[in-house]
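Notes for the structure review
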Amino acid sequence: MQTIWLSGAEWLAVLRIGLGLWWLESWRHKDKKEWFKGGGVKWAADIAAEHRWSFVSSSFDRLVKPHPRVMAYVVAYAELALGLGLILGFLTPIALVAGFVLNLIYLVLMIHDWAEQGQNLMMALISLVALFTMSWQVWSVDKAFSLFM
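Residues numbered from 1 in each chain as written. Predicted model: local features only at pLDDT ≥ 70, side-chain atom pairs only at ≥ 80, totals over all residues. Heavy atoms only, no water.

This part takes up the pattern of salt bridges. A complete count under the given rule lists four salt bridges for this structure. Between glutamate 79 and lysine 30 there is a salt bridge, and its shortest N-O distance comes to 2.8 Å. With a gap of 49 residues between them, glutamate 79 in helix H5 (residues 68–88) and lysine 30 in the loop between helix H1 (8–28) and helix H2 (32–36) connect regions that are remote in the sequence. A relative accessible area of 2% places glutamate 79 in the buried class. Given the relative accessible area of 13%, lysine 30 is considered buried. In this structure, lysine 65 and aspartate 61 form a salt bridge, with 3.9 Å as the shortest nitrogen-oxygen distance. On the basis of relative accessible area, lysine 65 is assigned to the partly exposed category, the value being 45%. Taking relative accessible area as the criterion, aspartate 61 reaches 41% and is therefore assigned partly exposed. (Salt bridge = Lys/Arg side-chain N within 4 Å of Asp/Glu carboxyl O. Helix = DSSP H or I, 4+ residues; strand = E, 2+ residues; numbered from the N terminus. Buried < 20%, exposed > 50% of the residue type's maximum accessible area, 1.4 Å probe, protein only.)

As structure tokens, then:
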């Protein structure tokens, strides 16, 4: 593979690290005080309640709504863990699959908001590319410890 400046594997690592920075920004920009009081879950509950697909609102009501504080922590710290895992290249395939799933959840919940969809679709696509090209082959903890090779 011919590339400019970096090797193909290094460019894929740049893509992986960029995705990690994107997840870290998702975590950083949250108003943690309001988020951990359940504000994020309340916002999502309002969206789920009016969702065009009934399975979304019923699933949300059954799985998320009864545990707003716990789910707020799960979402926020999942984004932090994904960001750090992808930046460091630690347990990278697991982080990429988890990030892809989280983006799909966000995609389904926010199906009516095209601005959100662009971000979630792009992040999901990057996750798949980074996963199937084994982007942890360089510049990663996984490489240093010969994990997933």
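All right, on to the environment of alanine 9 then. Here alanine 9 lies in helix H1. The partly exposed category is assigned to alanine 9, whose relative accessible area is 29%. Distance in space between the C-alpha atoms of alanine 9 and leucine 80 is 25 Å, their sequence separation being 71 residues.

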